[in-house]
Structures are given as C-alpha cells and as structure tokens.
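Spelled out from the first residue to the last, the chains are:
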Amino acid sequence: MPALATTSDGFLLHGDPFRILSGAMHYFRVHPDQWADRLRKARLMGLNTVETYLPWNLHQPEPGTLVLDGLLDLPRFLRLAAAEGLHVLLRPGPFICAEWDGGGLPHWLTTDPDIRLRTSDPRFTEAVDRYLDLLLPPLLPYMAASGGPVIAVQVENEYGAYGDDIAYLKHIEHALRSRGVEELLFTCDQTAGDHLRNGTLPGVLATGTFGSRVEESLRRLREAQPEGPLMCSEFWIGWFDHWGGPHHGRDAEDAAADLDRLLSAGASVNIYMFHGGTNFGYTNGANHHHAYVPTVTSYDYDAPLTESGDPGPKYHAFREVIARHASVPDEPVPVPSPKLAPTTVRLTHRTPLIPAAGRPVRAKDPLSADDMGRRAGYTLYRTTVPTPGHGLLHFEGGVGDRAQVFLDGAPAGVLERERYEETLPVHVPRADAVLDVLVENMGRVNYGPRIGVPKGLLGPVTFMGRPLQDWDCHALPLDDAPSPTTLTATPSTPAPSTPEATDPEAVAPESAPTGTLTSRVPVPEAFASSGPAFHHGTFDVRTPADAFLSLPGWIKGQAWINGFHLGRYWNRGPQRTLYVPAPILRRGVNDLVLLELHGATTSDAHLTDVPDLGPTGP
C-alpha cells in the first residue's frame, strides 16, 4: 500500500487523514543555493507539500544521457524538501507545458517530423522508456516507499486538452509502475469540455486544474470521478507574460477568496505557482494559437512568493486562509531579502558577435536551426546577391523566429514570425553584395499541435523572384558568454542618440556577426564598428545580495553576470528588469556581459533594488 492512499472523499497518509496543501515551485527556475530558503517559506505559509515538474529536455539533452547537477540536481532538491518537513508531488511528464521551451520535450526528439508526439507511437514511447530507465533509479530512494518525501507522481500532463490515446496513458502508467514507482499516481486536466474524459485513467486519481468558478469546477470533477478525493492540482492564482503584452496580475483578496472556497469544500490543493522563479538562459517557451507569442524571462506569475523570493500580498492573504483550515507554523512570517544598493555598471569594452562554430555548413538553400542541431539561441546565414537595385527579398516559409537582415554589413530590416512576415523590401548596393541573416530562436512552443515547429530560416530565399543559393550556415554557440579576457579591448561607444535608436520597430538592427568566419563569403568591414556585439563591464560588490538588472537605452539581447546566463532582455516589455540572484554575485569584482543585437544609446547598465515587470494588466 502506498504511503498516500485515497478514501471515498479524501486522503490517508500512513493511515491518518491528510489534506494536501501544496505549492508549485520548479527547482530548475530557482538558483540551487536558494532552494532551502524558498522551501522554508513554503512551510511558513502553511503548506505541507511542494510540487514540481521535471524538464525532460534539460535532464536529457542528448539520447542516452542524464543530467542531475546544478539547476537540475533534483535529488538535492528532494533532500532539502524532506529536511524542511515537506512532502513532494512529482510531475515528470514526459510533457510538462509549464511555459517551458518545447513543453519539456527534447529537441532531438521533436525534430523528427514523422514522430507522433504524446501518442502510443512506438518511436515516442520507446524514447520515453529509455529516459525513464535512466531517470527513475536515482529518484527511487526519495519515494515515500523508501522513506523519502515523494508521496505522489503524475501521469502525463493535462493530456485531455491534447488527445484521447488511452493506450498511451496506460503505457506511461505501466512505465512508472514497472520501474519501481509504488506511490499514488494521478492525472490532471482542465475541468471544461471533454478534458477530464479524455485525460483520465481507471484506477488513477483524477484531479482538476482551474483558477476560479470553484464550485462548478469541483462539481465537474465529481461527475467525472464519483468517489475519491477532490483536488485542484493547479489552482491558478496568477498568470505568465508574453513579450509585447501586459504584466498579468490577480487581486490577492480575489484569489484568497477562491482558495477559501476550495478548502471549505474539503478539497486538497496545489497552488500554481507558489514561487514562479525565472526562465534563465534560453528556457522560456512560447504559445502559438492565432499568432506566435514568446514568454518573457521572468516567471514571477504574480505568485505569493515573488521572483526574488519575497512574500507578496498573496503570501499573507493565503496564510490567513490556510490558518482557518489547518495549523500554520507559529513562527515569524518571512521578511524581504536584502537587496544590493543601486549600482551603475559602465560597459567599457566591446567586441562584435563572432560565430565561433568552426566551419560553416554549406548548402544550396538555408538549413533550419534544427537541421544544424541547435536547440536554442542563434543561427547566422550568409550568401551574396548577384543583382543590385531595389526589390523584394522573399523568405519562403518565413523565419523562426526573428531575423535581422544586413547587406554589406548595413542593416536592411527585421522580420518576425509573430507578424507572419515573409517579404522585406531592400536596396542591394552592388552586384555580389554580402547578405547576412541573423536569426534568433525566441522560444519553442510549449502547448498544442505546434510543438516541434523548426527554427532558423524555414525555406529558400529569393531576391526579385530569383533564387539566392550557396549559403554558409552557422550555428552560433551562445549558451555561454565569452570570457571577459577574450573580449576585444575596444571601448564601448553608444550609438547616436536619436528617438529611433531605442525603438526596434522604427530602426533596423545595426549589423551581424564579424570575425574569423571560415566562409566562402568575405565578412563586411562594417561589422567591426557597429551591430550585434558583446559588451563587458565590471562592478564591485561588498556583500552579495539580490538585485535587478535594468537596461534603459539598450534594445534587445542576452545578459550574463559572472558567467551565469540571466536570460533575454527586450525593450518591447513588459519586463524591464532581469532578476539577479544573490548567489551568482561575489565579493569584490563582478563581470557583466551583454549581447546587444541592435546597439545602445548608452554605455551604462544599472543594478537596482526594485523589480520592474511592467504595468499590471488583466
């Protein structure tokens, strides 16, 4: 018998009545040295359990591998949860959604155009099985059956919104059981439509996901499952943000009132999110329903615990609600963490973006980023245009997801997937002018049928109807910032201060990479003084503390501090600052590196003590 069992209307834990009071916290979105702090704050709010997804794409970046260190050290996270006296709900997928790159499905798997994802297609289920063969053995000691904190494990994730392949769900159930998982299994689905009918399994606990209309949602859950505990496995108390949209928020009193309704009905709950964290690096996902919309770097989610781990209005409101239904620790409520004093960082050195990927792949037509094995980041394409003059540059199939176009090193325009743009009017200054196209992957779709859509240039390119061929295709290795010691000692100089210079919609990007490309096409000299480039500066820290990187005057790019990839910035908003976790800072001199794609009107960046995620919208 598993540690957590069900009755006709509730749970038993080790034979005693138990209500799950859980909060979602994704270990891979929080610096490992802050896990203990966040877990402690979960307990002090009154939670007895935490929930987390597992991102297959990061745990297994290549077939046959398994990564369990750093941000992915799940065993360490589970040990810390147990030390805090918290139980754990594990949600291994294989699909997780989570506004995460590709919904957690690995790039090496989704690039197969014939594979039927999230079905009983043997090509998919065999890949899942091989992953679980590696993943589960190091996790079994942390299951409750072995005295660990994990009391329940999810089968897939909101599958009813995707398909109705019950044989596939049964395969996942069997895959977990046959590899030693004895704990309670559960599914979770939205309560509307046919989701519960399509996503549930006999003998597996069904749970619902919703953020309001509590009575109606619980009624639908009970109709789908006449007996057993009522549980909201994702109680949505905030929302995520897209670039170009508002910062979403939800009134704390409104959310607390619905939490009270949920608990008053005797239901168990997993608050989504208790602590959102950050999409560090290139890990944000995207949605693509009517248009492609990538998720911002922050995953603050307007959660009870803010992105920097501070108790917000919902923390206090939820603690009061929980205290009406369960005991809450008689300990002081956490206070905000110390913040770094405001600091200005002068970026004193600049070097153009250099594709250091070795020899390019040469192809008649451009290869997609997926063809070149790039999960995330940037790809550079170079050829020549034989005919001068004004005309239309046409990208058959469009771009994935944002392309900066240059002719002889001069900016010619920007194309973006979300605008369904495929054609750009340009002026080719001379015969055999060098055409460069720098394409940014803004995040892979994490929900729906468009998971696996390729990135980079997605088809042939023509100018005035004539094919442009013989391309040098470069996959740029920009997962890590270059070491400051390798950056060219060229002082950073801001671009001319004009209104257009800070508006990527009004001014074309400055340029594309330069350097020692092994290319059949000469590199335009114009790249040496303008365009996409790394900028480096240093700043002193007396006592490391949380901070927020503010970049007024900068347009778009990536940021690293001491080699830690904070993520993407973009003046399109809503997010205006990047969270800087205290553990990445060090006493004394610290390094800031920016990859700026367009050029800035300043040489300064700022570390502030206040986040700016943009104005709150609905």
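### Side note on the pairing of strand S8 (residues 184–190)
Of all 7 residues in S8, 6 are buried; the element is thus mostly enclosed. Strand direction decides the pairing type here: strand S7 (residues 150–154) and S8, joined by 3 bridges, are parallel. Bridging from a neighbouring strand, Val-153 pairs with Leu-185 of S8. In this fold, the crossover linking S7 to S8 by way of helix H6 (residues 166–178) has right-handed handedness. As judged from the 5 bridges shared by S8 and strand S9 (residues 205–210), these two strands associate in the parallel manner.

### A few points about the environment of Thr-485
By secondary structure assignment, the location of Thr-485 is in the loop between strand S27 (471–476) and strand S28 (533–541). Along the sequence, Thr-485 and His-536 sit 51 residues apart, while their C-alpha atoms lie 9.9 Å from each other.

### Comments concerning the pattern of salt bridges
Tallied over the entire structure, the rule returns 34 salt bridges. Here Asp-194 ties to Arg-197 by a salt bridge, and the two come within 3.1 Å at their closest N and O atoms. For Asp-194, a relative accessible area of 39% translates into the label partly exposed. In this structure, Asp-436 and Arg-382 form a salt bridge, with 2.5 Å as the shortest nitrogen-oxygen distance. With Asp-436 in strand S23 (residues 433–441) and Arg-382 in strand S17 (residues 377–385), the pair connects residues that are 54 residues apart, well separated along the chain.

### Here's the deal with the sheet that holds S27
For sheets, the rule is that strands pair by backbone hydrogen bonds, running either parallel or antiparallel. Taking strand neighbours across the sheet as the criterion, the 6 strands line up as S16-S27-S17-S23-S20-S21 in an open arrangement whose pairing is antiparallel. With partners counted over all chains shown, the strands left at the sheet margins are strand S16 (361–363) and strand S21 (410–416), one partner each. Across the sheet, the mean angle from the axis of one strand to that of its neighbour is 20°, orientation sign disregarded.

### What about the side chain of Arg-38?
Assignment of secondary structure puts Arg-38 in helix H1 (residues 35–45). For Arg-38, a relative accessible area of 3% corresponds to the buried category. Side chain to side chain, Arg-38 and Asp-37 meet in a polar contact 2.8 Å long. Every residue in contact with Arg-38, bar those within four places of it in the chain, is listed here: Met-25, Val-30, Phe-274, His-275, Leu-305, Glu-307, Ser-308, Gly-309 and Tyr-579.

### Re the layout of surface pockets
Its boundaries defined by the atoms lining it, the largest pocket holds a volume of some 780 Å³. Of all elements in the fold, only helix H2 (56–59), helix H4 (107–110) and strand S31 (564–570) reach the threshold of two or more residues within the lining of the largest pocket. For the lining of the largest pocket, a count of residues per class yields 13 nonpolar, 9 polar and 6 charged. In this model, the second largest pocket occupies a volume close to 310 Å³. Lining the second largest pocket we find 20 residues, and of these Cys-97, Glu-99, Glu-158, Trp-239 and Phe-240 sit closest to its centre. Here the lining of the second largest pocket is composed, by residue class, of 10 nonpolar, 7 polar and 3 charged.

### So, the packing of helix H5 (residues 122–139) against H6
Between H5 and H6, the least distance of the axes is 10 Å, while the angle of their chain directions is 20°. Between H5 and H6, the angle falls in the class roughly parallel. In this structure, the crossing between H5 and H6 has a hand that is right-handed. Judged by residue contacts, Phe-124, Thr-125, Val-128, Asp-129, Leu-132 and Leu-136 of H5 engage Tyr-168, His-171, Ile-172, Ala-175 and Leu-176 from H6. Of the residues belonging to the contact of H5 with H6, the class tally is 8 nonpolar, 2 polar and 1 charged.

### What to know about the packing of helix H9 (residues 252–264) against helix H10 (residues 313–325)
When two helices pack together, their arrangement is given by the angle between the helix axes and by the axis-to-axis distance. Interhelical geometry of H9 versus H10 gives an angle of 20° and a closest axis separation of 9 Å. When the interaxial angle is binned, H9 and H10 end up roughly parallel. Judged by the sense of rotation from one axis to the other, the crossing of H9 with H10 is right-handed. Facing H9, whose interface residues are Ala-252, Ala-255, Ala-256, Leu-259, Asp-260, Leu-263 and Ser-264, H10 presents Pro-313, Lys-314, Ala-317, Phe-318, Val-321, Ile-322, Arg-324 and His-325. When the residues that make up the contact of H9 with H10 are grouped by side-chain class, the tally is 10 nonpolar, 2 polar and 3 charged.

Criteria and cut-off values
- Residues numbered from 1 in each chain as written.
- Predicted model: local features only at pLDDT ≥ 70, side-chain atom pairs only at ≥ 80, totals over all residues.
- Heavy atoms only, no water.
- Buried < 20%, exposed > 50% of the residue type's maximum accessible area, 1.4 Å probe, protein only.
- Helix = DSSP H or I, 4+ residues; strand = E, 2+ residues; numbered from the N terminus.
- Pairing = 2+ DSSP bridges.
- Right-handed = clockwise from strand over helix to strand, strands pointing away.
- Salt bridge = Lys/Arg side-chain N within 4 Å of Asp/Glu carboxyl O.
- Axes fitted to C-alpha atoms, helices over the stretch in contact; angles between N-to-C directions.
- Polar contact = N/O pair within 3.5 Å; in protein donor to acceptor, adjacent residues only side chain to side chain.
- Contact = heavy atoms within 4.5 Å.
- 1 Å grid on protein atoms, 1.4 Å probe; cavity = no way out; pocket = protein on both sides within 12 Å on 5 of 7 lines; lining within 4 Å.
- Points joined across faces, edges and corners; volume = space filled by probe spheres on them.
- Nonpolar A, V, L, I, M, F, W, Y, C, P; charged D, E, K, R; others polar.
- Parallel < 35°, antiparallel > 145°, perpendicular 65-115°, else oblique.
- Left-handed = near helix turned anticlockwise from the far one by under 90°.

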